[in-house]
Amino acid sequence: MKERSVSDTNAGVPAMPAVSERVRALHAQMTLDEKLAQIVGYWLDQNGVVAPMQSEMAAGQQDGGHLEDVTKNGLGQYTRVYGTRPVEPTERAAWLWAEQRRLKRETRLGIPALVHEECLTGLAAWKAAAFPTPLAWGATFDPDLVQEMAASIGESMRELGIHQGLAPVLDVIRDPRWGRVDECIAEDPYVVGVLGSSYVTGLQSAGVHATLKHFVGYSGSRAGRNHAPVSAGPREIADVFLPPFEMALFDGGARSVMNSYAEIDGVPLGSSEEYLTDLLRGRWGFDGVVVADYFAVAFLEVMHAIAADRGGAAAAALTAGIDVELPTGDAYLAPLAERIRAGEFDEAFVDRAVLRALAQKEELGLLEPDAFEDEPPAHVDLDSPRHRDIARRIAEESIVLLSNDGILPLADAAAAPSRVAVIGPNAHRAEALMGCYSFANHVLAHHPEFPIGFEIPTFLEAFESEAGQDTDVVYAKGADVEGDDRTGFDEAVAAAAGADVAIVVVGDQAGLFGRGTVGEGNDSETLELPGVQRELVDAVVATGTPVVMIALTGRPYAIGWALDGEHRPAAVLQTFFPGEEGAAALSGVISGRVNPSGRMPVSLPRAAGAQPYTYLHPRLGGASDVTATDPTPVRPFGFGLSYSPVVYGDLVVDAEASAGAAFSAAVEVTNTGTRTVDDVVQLYGRDVVASVTRPLAQLLAFQRVTLEPGQSATVTFSVPTQRFAFSDRSMTRVVEPGDVEVWVGADAAATEAAGTATPRSKLAITGDVHVLTTADPRLATADVRALEHVPR
């Protein structure tokens, strides 16, 4: 990408993008109707509600029996060919290849359609692997593994003739009441940017374009209500919401961006030339394609009321910089054509979008003469052993041990339990393991007659396999995820009372728009566990049987009562929709086969009334003696226990570094336990004095390190001082000279006094104020050198 002019300021005409001669010649042949056809999608045989206001917005769309008429002028994109209803993948591939050949043969210009699909937790198609949700990726702090997962997803997509994936979500979590938290990676912009960029790199390595969502500020909606206005100021936008997108574009090379549904200070992002053109194209030099979130163009009329009709909405969106309307052509077809022919809108904006859309098709190989001349795949394994191995490793690395009085692992108990009660609404439901955008919860919820299509054991099934024949496992549901039915309590209490250990699996059901407890449109006024699940846990704990509680959720809940209350479970595990191998991973952690290594990617809240909260707060953003409320989370960002203690040696930091240069920070990490451990080394820092208020702690870098019992390693970070950058009072992103503090901690709240952090080292940033450009480095690096292994 390179920065360049985006408009002809003298004439008010948009500048045309730089494209190949082939694309320019193809564009020159097009009629207006053919141009418009290239910048819209068509949603084939849709059913069930999987997008906001879908039934209202797409009521007039023709079905698949009229494709010849629908595509008479060509077609830009096919919307969710595989992901709208259960279809046999190879049969659908055969249809798609034939359809693409028909478009080449029967339309005047012979341009195939680009095919896009959802792929946030794996390809959203029947029989495709269900990976952990993005919040679980965040808990791994493992960008290499996320990249490996995304590459495997991309390879499946490309094999099926899919060209663009609508992922990753780069929204920074600001309020856990928001239903879409399970689609997000973390509350820290750097973690979001690092892992999001890794996903982009992996997906695009397979020849599938990644789409960054949702540009920008979507997760900052008031009170966590979906589509609610965003009140963030320009500094919060610049320093919190934008950096992950900048990283994914410059470091990941993303080729597509999707607008946010939200409005910022009264301006819907779908109509924001400031963000979609001036920033994205002008300052950042992005030369890919901007696509509309589903129905976002029409929403400018029907939801935001900044346009009087669909034609006006189309004009606003195109002027702002949305190139392709998805999922259909509600606004960009007839309403826009009418405006242009009436002389009310400049066709040059259409030309700009068409050139970008054609350039994308060229980049993806769709303009090549031999496109789709090969044979469609005769056999596709969308849930291969490789998929499952990756899913297992992510699930294992993502499980967070929040508390443990020594009951875990069960293998270390003085007397192995001979009878275990498995209890709870999420103990024996496969759907409980998958996120909102998994095919099972996104689409199959409308098709209960279809099986999930791949192996996904429930926790009960996986634990029975893990425990073996010597352990008697009894099951009681106890309660549903939602509702106030307590009739199952007596059975659950009896099962627990007769067991040596009780495992209670509580949490969420992911879904959309009122179908479930978390997911798109399923925002919450409370952060208490849904239904009567807390009462169920309390009843089981009251039996006196040791209890292990598993929170299997899509958002962090206010479960301080389970962690620090007087009558609490003996251990608590947090996992965020860990996917098809999640139950086996949880069983492995409980047995001791897996040493937990997940870290909280989001703060565990004290109460709903303390939201919104982020660990990235200045002094007056946390608890203080000038307020009676305490937003301090019950477990901080970055927190996670293991079965092997890890200690940090002295931190050695450069004494000074010039603003705009990098500094070195090295720490020795030692596993003092008897099990192999994966530790997430977290380097934090803070500005001592700055021209605007700054956070008390900011994650500068992180690195997973595997240590054998008794082993030490030296982790040396190279950190650009740009990690301390912020927007100054003139809204210029700068690195200011002055003193900063740097330390290594077990989490964002770790302290030297508690023995969970290194002493703070002072670093002097010297020289003049450094003004950031897009050429500045954004990523810290780490070098890990294993030291002598001391057997224990």
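Analysis parameters
- Residues numbered from 1 in each chain as written.
- Predicted model: local features only at pLDDT ≥ 70, side-chain atom pairs only at ≥ 80, totals over all residues.
- Heavy atoms only, no water.
- Axes fitted to C-alpha atoms, helices over the stretch in contact; angles between N-to-C directions.
- Helix = DSSP H or I, 4+ residues; strand = E, 2+ residues; numbered from the N terminus.
- Parallel < 35°, antiparallel > 145°, perpendicular 65-115°, else oblique.
- Left-handed = near helix turned anticlockwise from the far one by under 90°.
- Contact = heavy atoms within 4.5 Å.
- Nonpolar A, V, L, I, M, F, W, Y, C, P; charged D, E, K, R; others polar.
- Pairing = 2+ DSSP bridges.
- Buried < 20%, exposed > 50% of the residue type's maximum accessible area, 1.4 Å probe, protein only.
- Salt bridge = Lys/Arg side-chain N within 4 Å of Asp/Glu carboxyl O.
- Arc of directions from axis to C-beta.
- Lys, Arg positive; Asp, Glu negative; His and termini not counted.
- Polar contact = N/O pair within 3.5 Å; in protein donor to acceptor, adjacent residues only side chain to side chain.
- Core = buried A, V, L, I, M, F, W, Y, C linked by side-chain atoms within 4.5 Å.
- Phe/Tyr/Trp six-rings, centres within 6.5 Å; stacked < 30°, edge-to-face > 60°.
- Lys NZ or Arg CZ within 6 Å of the ring centre and 35° of its normal.

S.K.: I keep staring at the packing of helix α1 (residues 21-28) against helix α15 (residues 348-363) and nothing clicks. Help me out?
M.R.: Each pair of packed helices can be described by the angle between their axes along with the distance between the axes. With their axes 10 Å apart at the nearest point, α1 and α15 run at an angle of 130° to one another. Taken together, the axis directions place α1 and α15 in an arrangement best described as oblique. Along this stretch, α1 crosses α15, giving a crossing that reads as right-handed. The segment α1 lies against α15, with Arg 22, Val 23, Arg 24, Leu 26 and His 27 engaging Asp 351, Val 354, Leu 355, Leu 358, Ala 359 and Glu 362. The residue makeup of the contact of α1 with α15, split by class, is 6 nonpolar, 1 polar and 4 charged.

S.K.: Hey, could you run me through the sheet that holds strand β26 (residues 738-745) in this one?
M.R.: Strand pairing in a sheet takes place through backbone hydrogen bonds and is either antiparallel or parallel in direction. The strand order β19-β27-β26-β21-β22 describes an open sheet built from 5 strands, whose pairing is mixed. Lying at the two open borders of the sheet, with one neighbouring strand each, are β19 (656-658) and β22 (698-707). Geometrically, the sheet is characterised by an average inter-axis angle of 25° between neighbouring strands, direction not taken into account. In the sheet, strand β21 (residues 677-687) pairs with β22 via 9 bridges, with the strands oriented antiparallel. Across the sheet, Tyr 684 pairs through a bridge with Leu 699, a residue of β22.

S.K.: Would you mind showing me how to read helix α11 (residues 273-283) here?
M.R.: An α-helical segment advances 3.6 residues per turn. Residues three or four places apart therefore align on the same side. Buried within α11 are the following residues: Tyr 275, Leu 276, Thr 277, Leu 279, Leu 280, Arg 281 and Gly 282. One or two positions beyond α11, positive phi appears at Gly 285, with a value near 70°.

S.K.: Can you help me understand the pattern of salt bridges in this one?
M.R.: With the rule as written, the count across this model stands at 49 salt bridges. Between Lys 104 and Glu 373 there is a salt bridge, with its nearest N and O atoms 3.2 Å apart. Of this pair, Lys 104 sits in helix α5 (residues 89-106) while Glu 373 sits in the loop between α15 and α16 (385-398), and the two are 269 residues apart along the sequence. A salt bridge links Glu 741 to Arg 760; the nearest nitrogen and oxygen atoms lie 3.2 Å apart. Separated by 19 residues along the polypeptide, Glu 741 in strand β26 and Arg 760 in the loop between β26 and β27 (761-766) bring together distant segments of the chain. Classification of Glu 741 as buried rests on a relative accessible area of 15%.

S.K.: Please clarify how helix α19 (residues 489-497) should be interpreted in this entry.
M.R.: Restricting attention to buried positions, one finds in α19 the residues Phe 489, Ala 492, Ala 495 and Ala 496. Down the axis of α19, the buried side of the element spans an arc of 130°, and every buried residue falls inside it. Residues of α19 that are exposed and angled more than 90 degrees away from the buried face: Asp 490, Glu 491, Ala 494 and Ala 497. In the core, the buried residues of α19 are packed alongside β13 (419-423), β14 (472-476), β15 (501-507) and α20 (533-541).

S.K.: Would you explain the sheet that holds strand β25 (residues 733-735) in this entry?
M.R.: Spatial ordering of the open sheet is given by β24-β25-β28, a layout of 3 strands whose pairing is antiparallel. Single-partner strands in this sheet number two, and they are β24 (726-727) and β28 (770-771). Pairing of β25 with β28, which is carried by 2 bridges, proceeds in the antiparallel orientation. Its bridge partner being in β28, Val 734 is matched across the sheet by Val 771.

S.K.: So what exactly am I meant to see when it comes to the environment of Leu 787 here?
M.R.: When you line up the elements, Leu 787 lands in strand β29 (residues 781-789). Using a relative accessible area of 23% as the deciding quantity, one classes Leu 787 as partly exposed. Along the primary structure Leu 787 and Glu 668 are separated by 119 residues, whereas in three dimensions their C-alpha atoms are 9.0 Å apart.

S.K.: How should the side chain of Asp 508 be read in this particular structure?
M.R.: Assignment of secondary structure puts Asp 508 in the loop between β15 and α20. Despite being buried, Asp 508 has no salt bridge partner; Arg 555 is the closest side chain of opposite charge, sitting 4.7 Å away. Within the structure, Asp 508 has its side chain in polar contact with the backbone nitrogen of Gly 554 (distance 2.9 Å).

S.K.: Whenever I open this one, the pairing of strand β12 (residues 400-404) confuses me. Can you help?
M.R.: Regular strands show a simple pattern: their side chains alternate between the two faces of the sheet. Here β12 lies mainly inside the structure; 4 of its 5 residues are buried. In the sheet, β12 pairs with strand β17 (residues 571-576) via 4 bridges, with the strands oriented antiparallel. Among the inter-strand pairings, Leu 401 is bridged to a residue of β17, identified as Leu 573.

S.K.: How should I be thinking about unusual backbone geometry in this particular structure?
M.R.: As a rule of thumb, non-glycine residues mostly have phi less than zero, and peptide bonds are mostly trans rather than cis. For the bond from Lys 213 to His 214, the omega torsion is -10°, close enough to zero to count as cis. The omega angle of the peptide bond from Leu 408 to Pro 409 is -5°, so this bond is cis rather than trans. Positive phi values are uncommon outside glycine, yet Asp 265 reaches one of about 50°. On the secondary structure map, Asp 265 appears in the loop between β9 (263-264) and β10 (267-268). Using a relative accessible area of 71% as the deciding quantity, one classes Asp 265 as exposed.

S.K.: Which parts of the structure should I look at to understand the packing of helix α18 (residues 459-467) against helix α22 (residues 582-591)?
M.R.: α22 packs onto α18 with a crossing angle of 45° between their chain directions and a minimal axis gap of 8 Å. Taken together, α18 and α22 sit at an angle that is classed as oblique. α22 is crossed by α18, and the crossing has right-handed handedness. Side by side, α18 and α22 meet where Phe 459, Ala 462, Phe 463 and Glu 466 of the first sit next to Ala 583, Ala 584, Leu 586, Ser 587, Gly 588, Ile 590 and Ser 591 of the second. Taken together, the residues of the contact of α18 with α22 break down into 7 nonpolar, 3 polar and 1 charged.

S.K.: Mind showing me how you'd approach the nonpolar core here?
M.R.: When a protein is soluble and globular, its nonpolar side chains tend to lie buried together. By size, the foremost hydrophobic cluster in this structure holds 262 residues, and its most contacted members are Phe 215, Tyr 332 and Ile 559. Among the elements that make up this core, the one with the highest residue count is helix α8 (residues 189-205) (8 residues). Once residues within four sequence positions are removed from consideration, Ile 559 is found in contact with Leu 402, Leu 529, Met 549, Val 572, Gln 574, Leu 604 and Pro 605.

S.K.: Even after reading the chapter, I still don't get the packing of aromatic side chains, so can you show me in this structure?
M.R.: Any two aromatic rings considered together are summarised by their centre-to-centre distance and by the angle between their planes. One pass over the full model with this rule turns up 22 aromatic pairs. Between Tyr 190 and Phe 702, the aromatic rings sit 6.1 Å apart at their centres with planes inclined by 75°, giving edge-to-face as the arrangement. Remark: Phe 702 occurs in strand β22 and Tyr 190 occurs in helix α8; sequence separation between them is 512 residues. In terms of burial, Tyr 190 and Phe 702 fall into one category: buried. Each residue in the set Phe 141, Tyr 190, Tyr 615, Phe 637, Tyr 684, Phe 702 and Trp 743 is aromatic and connected to the rest through ring pairs, giving one cluster. Stacked on the ring of Trp 126, the Lys or Arg Lys 127 has its end atom at 4.7 Å from the ring centre. Taking NZ or CZ as reference, Lys 213 lies 5.3 Å from the ring centre of Tyr 437, over its face.

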